[in-house]
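Observations on the three-dimensional arrangement
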Amino acid sequence: MPATPSPYHRLNPLTKVVIATVGSIGAFALGGYAGPLAIIAVTLGLATVAGVVRRLTRASVLLSLPIVISVILVSVFTRAGTTVLFVIGPFDATLEGVDFAAQTVIRLFAISTSIGLFVLTTDPRALVLDLERRGVSPRFAFVAVATIEAVPTLVERAATIGESQRARGLDTEGSLRARLRGLLPIVGPVIITSLTDVEERSLALESRAFSRPGRRHLLWAMPDSAPERVLRWLLLAALVALIAARIAGV
Amino acid sequence: MLGLHGIGYRYAGFARPVIFDIDLDIADGEIVGLVGANEAGKSTLCLVASGLAPGSIRGTLTGSLTIDGVAMAGKPLHEFSTRVGIGFQNPATQLSGVTGSVFEEVALGPMNLGLPARETVERTKAALAMLGIEDLAEREPRRLSGGQGQLVVIASLLAMRPGHLILDEPTAQLDPEGTRLVGEALRGLGASGTALLIAEHRTDLLDGLCSRIIVIDGGRIVQDGPAAATLEDRRLVDWGVDPPSRVRLATALTTQGIDARIALP
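Note that the structure is predicted; figures quoted are calculated from it, not measured.

What counts and what doesn't
- Residues numbered from 1 in each chain as written.
- Chains lettered and ligands numbered in written order.
- Predicted model: local features only at pLDDT ≥ 70, side-chain atom pairs only at ≥ 80, totals over all residues.
- Pairing = 2+ DSSP bridges.
- Helix = DSSP H or I, 4+ residues; strand = E, 2+ residues; numbered from the N terminus.
- Axes fitted to C-alpha atoms, helices over the stretch in contact; angles between N-to-C directions.
- Parallel < 35°, antiparallel > 145°, perpendicular 65-115°, else oblique.
- Left-handed = near helix turned anticlockwise from the far one by under 90°.
- Contact = placed C-beta atoms within 7 Å.
- Nonpolar A, V, L, I, M, F, W, Y, C, P; charged D, E, K, R; others polar.
- Buried ≥ 20, exposed ≤ 12 C-beta atoms within 10 Å, placed from the backbone.
- Core = buried A, V, L, I, M, F, W, Y, C linked by C-beta atoms within 7 Å.
- pLDDT = per-residue confidence, 0-100.
- Domains from an automatic or database assignment.
- Right-handed = clockwise from strand over helix to strand, strands pointing away.

Quick notes on the pairing of strand β2 (residues 91-94) of chain A
Regular strands place their side chains on alternate faces of the sheet. Here four bridges tie strand β1 (residues 84-88) of chain A to β2(A), and the two strands are oriented antiparallel to one another. Residue pairing for β2(A): Ile88(A) is matched across the bridge by Phe91(A).

Pasting the structure below:
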């Protein structure tokens with residue numbers, strides 16, 4: 001079983017999925033300021049318990065920054081409004097635009113912190129094996145974990161191939177054009193070797209009965225307490241009620 | 001007993017078979033070396049004997065493959081996996097890539113068989129102990145050295161409890177230390193009664209380990225005999241196989257007029 005350094009880490013992965021889902025969709029459905037800000041506050045509180053609040057804040061800011069910038073530019077300067085705050089060339093920055101941009105940014109931050117907290121506190125293998133324990137096919141479980149785990153391997157391989165190519169004179173620095181030209185000799189071998197690896201790995205897995213139909217008996221299971229189950233259902237019920245209320249115009 | 005009789009194999013999309021008229025029996029507990037030049041058909045023979053060709057790699061198989069007297073034609077691949085295991089050159093590509101520890105990696109096969117967790121744990125511990133790598137159990141598979149990785153791969157196969165193990169150039173990508181580790185492990189396995197078919201370029205590994213050597217050339221078995229005699233056969237070079245270093249040394253001494261025959265330690 002993966003190491004679980006905090007009580008929040010120790011929650012069942014499905015509970016953390018539900019918290020992330022309710023936080024993300026809830027922030028979108030609630031709108032305004034109070035709801036999303038409350039979600040951010042709760043999420044950062046949970047992140048403090050998990051000991052990841054700094055990493056979460058940094059990651060959330062960095063991940064949402066490109067969208068935030070475009071949202072601010074588009075909303076502040078193009079949204080129609082009656083109260084003009086200032087003018088830049090042909091564009092009017094309106095109070096209504098600033099209000100809309102602020103609400104959107106807060107929602108985005110609520111969504112990114114909700115998802116980020118899940119990512120930073122959950123071992124993907126724990127989630128997928130928990131799903132397998134709940135009846136998801138072992139093949140799906142394998143593909144999901146393999147996809148997640150393949151990323152660092154690909155990054156390592158790309159770095160190795162990049163260093164080898166640079167040692168042979170490939171120019172990957174300088175202008176954008178030079179960088180783009182240098183990309184192909186790295187990406188090509190990464191893709192080709194990855195495909196070869198997939199073939200060999202599939203043969204190796206076949207020799208370990210991977211294609212056998214039927215359930216597997218897993219060696220470990222993440223704990224799942226009755227209070228957690230109740231919490232999950234309550235959160236989902238609250239989310240459904242919120243969406244229903246928004247649709248009804250409440 | 002692993003039996004291949006009149007075996008031929010042609011890969012899908014290819015006009016000609018890669019191996020022809022292969023007749024081969026490997027008794028329980030026997031350790032057999034398979035040597036030959038590149039493209040001689042060693043890997044194809046290994047794939048056919050393990051059921052992966054045509055089970056996973058499309059092609060046309062002729063002849064019959066029997067394991068412990070059971071005709072294996074048409075059997076699903078997972079039925080092969082408990083009878084015959086196969087390992088390849090590169091440990092990195094044989095590790096599943098989805099496990100967080102060596103213990104989980106070795107346990108993956110028994111888990112796939114649907115065994116109860118207690119039996120999976122027992123088999124995993126036994127496989128690690130058989131190769132003397134219990135101390136690697138908690139290590140992350142991705143962080144192992146090549147030799148350690150190959151031992152974990154072999155342990156993963158042993159946890160399936162196959163009667164026969166096929167290894168296709170198990171030391172080809174290993175450094176001398178890794179080769180030594182794997183060589184020692186194979187000697188231990190041989191002593192424990194596991195039947196081994198080892199395809200290898202490095203005849204030094206086979207010398208003293210195998211009781212029998214098969215030479216394949218152009219897709220056909222051209223020599224099948226006791227290991228010592230076959231590895232000293234002067235035709236070995238013509239078949240594209242480097243003799244082991246003790247034979248090369250003896251040959252060099254002989255050409256200098258020194259009558260030499262170097263015995264295995």
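Okay, back to it.
Concerning the packing of helix α2 (residues 13-30) of chain A against helix α9 (residues 226-247) of chain A
All names here are of chain A. Contact geometry for α2 and α9: axes closest at 10 Å, N-to-C directions at 15 degrees. With respect to each other, α2 and α9 are oriented roughly parallel. In this structure, α2 crosses over α9, and the sense of that crossing is left-handed. Between α2 and α9, the contacting residues are Leu14, Thr15, Val18, Ile19, Val22, Ile25, Gly26, Ala29 and Leu30 on the first element and Glu228, Leu231, Arg232, Leu235, Leu236, Leu239, Leu242, Ile243 and Arg246 on the second. Tallied by class, the residues present in the contact of α2 with α9 amount to 13 nonpolar, two polar and three charged.

Some remarks on the sheet that holds strand β4 (residues 59-67) of chain B
Residue and element names in this part refer to chain B. The antiparallel open sheet is built from four strands, whose spatial order is β2-β1-β4-β5. Whereas interior strands pair on both sides, the edge strands pair on one side only; in this sheet they are β2 (19-26) and β5 (70-71). Most of the contacts of helix α1 (residues 42-50) go to strand β1 (residues 2-11), to which it runs at about 120 degrees, and overall it touches β1, β2 and β4.

Considering helix α6 (residues 124-133) of chain A
Since the α-helix advances by 3.6 residues per turn, residues separated by three or four positions end up pointing in the same direction. Residues and elements named next belong to chain A. With respect to burial, α6 is a largely interior element, seven of its ten residues being buried. Within α6 the residues assigned to the buried category are Arg125, Ala126, Leu127, Val128, Leu129, Asp130 and Glu132. In the core, the buried residues of α6 are packed alongside α2 and α7 (138-167).

Remarks on the sheet that holds strand β3 (residues 31-35) of chain B
Residue and element names in this part refer to chain B. The six strands lie next to each other as β6-β7-β8-β3-β9-β10, forming an open sheet whose pairing is mixed. Of all strands in the sheet, those bounded by a partner on one side alone are β6 (84-87) and β10 (220-226). Looking at each pair of strands side by side, their axes are set apart by 15 degrees on average, direction ignored. Against the sheet, helix α8 (residues 176-192) touches β3, β7 (164-168) and β8 (195-199), its axis set at about 145 degrees to β8.

Quick word on the interface of chain B and chain A
Facing the 33 residues of chain B at the interface are 28 residues of chain A. For the side of chain B that touches chain A, the elements supplying multiple residues, two or more each, are α3 (77-81), β6, α4 (91-94), α5 (102-112), α6 (117-130) and α7 (146-158) of chain B. A class-by-class count of the residues in the side of chain B that touches chain A yields 16 nonpolar, 16 polar and one charged.

Observations regarding the nonpolar core
Residues Val152(B), Ala155(B) and Leu196(B) are the most contacted members of the largest nonpolar core, which totals 82 residues. If one sorts the elements of this core by residue count, α7(B) sits on top with seven residues. Ignoring sequence-local partners within four residues, the contact set of Ala155(B) consists of Val106(B), Ala127(B), Leu128(B), Leu131(B) and Ile133(B). Within the second largest apolar cluster, 13 residues are counted, among which are Tyr8(A), Val22(A), Ala47(A) and Leu117(A).

A closer look at the environment of Ala141(A)
All names here are of chain A. Checked against the element boundaries, Ala141 lands in helix α7. The spacing of Ala141 and Arg107 is 34 residues in sequence and 31 Å in space, taken between C-alpha atoms. For Ala141, the contacting residues outside a window of four places in its chain are Val128, Leu129, Leu131, Glu132 and Val136.

What about the packing of α2(A) against α6(A)?
The axes of two packed helices give the description: the angle between them and the distance between them. Residues and elements named next belong to chain A. Closest axis-to-axis distance for the α2/α6 pair is 9 Å, and the angle between their directions is 105 degrees. Classed by the angle they form, the pair α2 and α6 counts as roughly perpendicular. Seen from α2, the contacting residues are Pro13, Leu14 and Val17; seen from α6, they are Ala126, Leu127 and Asp130. Grouping the constituent residues of the contact of α2 with α6 by class yields five nonpolar, no polar and one charged.

Quick notes on the environment of Gly100(B)
Residue and element names in this part refer to chain B. Within the element layout of this structure, Gly100 appears in the loop between α4 and α5. By the C-beta count within 10 Å, which is 20 here, Gly100 ends up buried. Along the primary structure Gly100 and Gly193 are separated by 93 residues, whereas in three dimensions their C-alpha atoms are 31 Å apart.

Re the confidence of the model for chain A
Averaged over all residues, the pLDDT of chain A is 87; the fraction at 70 or higher stands at 98%. Within chain A, the element-level pLDDT minimum falls on β1(A), averaging 80, and the maximum on helix α3 (residues 34-50) of chain A, averaging 96.

Some details on α1(B)
Residue and element names in this part refer to chain B. Most of α1 sits out of view: nine of its nine residues are buried. Within the span of α1, buried status applies to Lys42, Ser43, Thr44, Leu45, Cys46, Leu47, Val48, Ala49 and Ser50. Following α1 by one or two positions, Gly51 has its phi on the positive side, about 85 degrees.

A short note on the confidence of the model for chain B
Detailed reading of the predicted model is not advised wherever pLDDT is low. Summing up the model confidence of chain B, the mean pLDDT is 91 and the portion of residues at 70 or higher is 99%. For chain B, α8(B) is the element with the lowest average pLDDT, namely 82, and strand β9 (residues 212-217) of chain B is the one with the highest, namely 97.

A look at the domain arrangement of chain A
By the assigned domains, chain A splits into domain 1 (7-122) and domain 2 (129-206). Relative to domain 2 of chain A, the C-alpha centre of domain 1 of chain A lies at a distance of 31 Å.

Quick word on the pairing of β8(B)
All names here are of chain B. Most of β8 is tucked away, with five of its five residues classed as buried. Every second residue of β8 is oriented toward a common face, with Ala195, Leu197 and Ala199 on one face and Leu196 and Ile198 on the other, all of them buried. The pairing of β3 with β8 spans four bridges and is classified as parallel. Residue Ile31 lies in a different strand from β8, and its bridge partner there is Leu196. In this sheet, β8 lies alongside β7 in parallel orientation, the contact comprising five bridges. Across the sheet, Asp168 pairs through a bridge with Ala199, a residue of β8. Each parallel crossover has a hand, and for β7 linked through α8 to β8 it is right-handed.

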